[in-house]
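Listed here are the chains, written in short residue letters.
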Amino acid sequence: MSMKIDVNFGVCESNGLCVGAAPEVFDLDDDDNLHLLRDTVTPEIEEEVRDAVRQCPRRAISIED
Ligand code: SF4
């Protein structure tokens, strides 16, 4: 079973909280644009990604089971 990460880039405010929670998945570039380094959630990183979802103040991140 794999889950997919979806980010609503239109509401992201580039505060980097998700990068802090799951640096293997989320990255901010030099222009403060958020990038997904991967778009599927494997069991090893599931808890980190769920932390990122919880911490995002814009509710921009979702996981599709
Ligand atoms: S935590 Fe949310 S608002 Fe902040 S950079 Fe990540 S997706 Fe964007």
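Residues numbered from 1 in each chain as written. Predicted model: local features only at pLDDT ≥ 70, side-chain atom pairs only at ≥ 80, totals over all residues. Heavy atoms only, no water.

Colleague: Sorry, what's going on with the site of the ligand here?
Modeller: All residues adjacent to the ligand are Cys12, Glu13, Ser14, Asn15, Gly16, Leu17, Cys18, Leu34, Cys56, Arg58, Ala60 and Ile61. Along the lines of polarity and charge, the residues of the shell around the ligand split into seven nonpolar, three polar and two charged. (Near = heavy atom within 4 Å. Nonpolar A, V, L, I, M, F, W, Y, C, P; charged D, E, K, R; others polar.)

Colleague: Is there a simple way to explain the nonpolar core in this structure?
Modeller: Counting 17 residues, the largest nonpolar core has Ile5, Val25, Phe26, Val41, Val49 and Ile61 as the members making the most contacts within it. With three residues, the top contributor of residues to this core is strand β1 (residues 3-7). Excluding anything up to four places from it in sequence, Ile61 contacts Ile5, Asp6, Val7, Cys18, Phe26, Ala52, Val53 and Cys56. (Core = buried A, V, L, I, M, F, W, Y, C linked by side-chain atoms within 4.5 Å. Buried < 20%, exposed > 50% of the residue type's maximum accessible area, 1.4 Å probe, protein only. Helix = DSSP H or I, 4+ residues; strand = E, 2+ residues; numbered from the N terminus. Contact = heavy atoms within 4.5 Å.)

Colleague: Teacher, can you tell me more about the pairing of strand β5 (residues 61-64) here?
Modeller: In β5, alternate side chains face the same way, and those of Ile61 and Ile63 are buried while those of Ser62 and Glu64 on the opposite face are not. Judged from the four bridges that link them, β1 and β5 form a sheet pairing that is antiparallel. Across the sheet, the residue bridging to Val7 is Ile61, located in β5. (Pairing = 2+ DSSP bridges.)

Colleague: Mind showing me how you'd approach the pattern of salt bridges here?
Modeller: Pairs can form between side chains of opposite charge once their charged atoms are near each other. Applying the stated criterion across every chain yields a total of five salt bridges. In this structure, Glu47 engages Arg54 in a salt bridge whose closest nitrogen and oxygen atoms are separated by 3.1 Å. Residues Asp65 and Arg50 are paired through a salt bridge, measuring 3.9 Å at the closest nitrogen-oxygen approach. Of this pair, Asp65 sits in the segment after β5 while Arg50 sits in helix α2 (residues 46-55), and the two are 15 residues apart along the sequence. Residue classification places Asp65 among the exposed positions, given a relative accessible area of 69%. Arg50 gets classed as partly exposed once you look at its relative accessible area, which sits at 27%. One network of salt bridges, in which partners are shared, links Glu46, Arg50 and Asp65. (Salt bridge = Lys/Arg side-chain N within 4 Å of Asp/Glu carboxyl O.)

Colleague: Help me understand the sheet that holds β5 in this model?
Modeller: Backbone hydrogen bonds are what pair the strands of a sheet, in a parallel or an antiparallel way. The strand order across the open sheet built from three strands is β4-β1-β5, with neighbouring strands paired in antiparallel fashion. On the outer flanks of this sheet lie β4 (40-41) and β5, each paired with one strand and no other. Note that β1 and β4 share two bridges and pair antiparallel. Within β4, the residue paired with Met3 across the bridge is Val41. Strands in contact with α2 are β1, β4 and β5; relative to β5, the strand with the most contacts, it is inclined by about 140°. (Axes fitted to C-alpha atoms, helices over the stretch in contact; angles between N-to-C directions.)

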